[in-house]
Amino acid sequence: MSTPAELTARFIIAFNGRDRAGLRDLLAPELEYIRPGGAVLTTPDAVLAQYEADWSQMSASRVEPQRVVVAGDDLMAEITIHSVIDGRPVALPGAIAHRWRDGRLVRYRLYTDRLSSVMDPRDA
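Small disclaimer: the values here were computed from a predicted structure and weren't measured.

Thresholds, definitions, all that
Residues numbered from 1 in each chain as written. Predicted model: local features only at pLDDT ≥ 70, side-chain atom pairs only at ≥ 80, totals over all residues. Heavy atoms only, no water. Core = buried A, V, L, I, M, F, W, Y, C linked by side-chain atoms within 4.5 Å. Buried < 20%, exposed > 50% of the residue type's maximum accessible area, 1.4 Å probe, protein only. Helix = DSSP H or I, 4+ residues; strand = E, 2+ residues; numbered from the N terminus. Expected span 1.5 Å × (residues − 1). Arc of directions from axis to C-beta. Salt bridge = Lys/Arg side-chain N within 4 Å of Asp/Glu carboxyl O. Pairing = 2+ DSSP bridges.

**Thoughts on the nonpolar core**
Then, in step 1: Residues F11, L23, Y33, Y51 and Y108 are the most contacted members of the largest nonpolar core, which totals 29 residues.
Then, in step 2: Of all the secondary-structure elements, those providing two or more residues to this core are α1 (4-16), α2 (20-26), β1 (27-34), α3 (44-56), β4 (74-85), β5 (88-101) and β6 (104-112).

In structure tokens, the structure reads:
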């Protein structure tokens, strides 16, 4: 069985590669996926639809993890989300919380300084 750190690394690689099948394989059939601002998604289809909406506004996006802390099935990591919106680079610092059960993500939360689901380059 993979560790939370290994699973989160796979999740980030899949996100960075816009690998929808890879992301779906890591999502539990029912999960609690909390976006900035408090929106809660509960199915893999809803999570992937939100990523599609986010990606449609970004010509490039990449999550870069920094300091990672693991406690049991839970992982917290500081991250930077790098993206390109309307030709302008944006770097958004934040933190993620993941809870893994049986190799699947059952809880996700993203904390950022901004409430919108997609970064606005005018705010950078």
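**Comments concerning α1**
Then, in step 1: Taking 1.5 Å of rise per residue, 13 residues should cover 18 Å, and α1 covers 18 Å from first to last C-alpha, within 8% of that figure.
Then, in step 2: Buried within α1 we find P4, L7, T8, F11, I12, A14 and F15. All buried residues of α1 project into a common sector of 160 degrees when viewed along the axis, lining one side.
Then, in step 3: Of the residues trailing α1, R18 is marked for its positive phi of about 50 degrees.

**Considerations on the pattern of salt bridges**
Then, in step 1: This model, assessed by the stated rule, comprises 6 salt bridges.
Then, in step 2: Taking the shortest distance from any N to any O, the salt bridge between E78 and R67 comes out at 3.0 Å. Within this pair, whereas E78 is found in strand β4, its partner R67 is found in strand β3 (residues 60-71), the two being separated by 11 residues in sequence.
Then, in step 3: Residue class for R67 comes out exposed when judged on its relative accessible area of 57%.

**Comments concerning the pairing of β4**
Then, in step 1: As defined by bridge partners, β3 adjoins β4 across 10 bridges and the pair is classed as antiparallel. Bridged to V70 within β4 is L75.
Then, in step 2: Counted along the chain from β3 to the antiparallel partner β4, the turn is 2 residues long, and its residue G72 has a positive phi close to 65 degrees.
Then, in step 3: Of the pairings in the sheet, the one linking β4 to β5 comprises 12 bridges and is antiparallel in character. The residue of β5 that forms the bridge with A77 is I96.
Then, in step 4: The turn linking β4 back onto β5 is made up of 2 residues, and D86 within it adopts a positive phi angle of 55 degrees.

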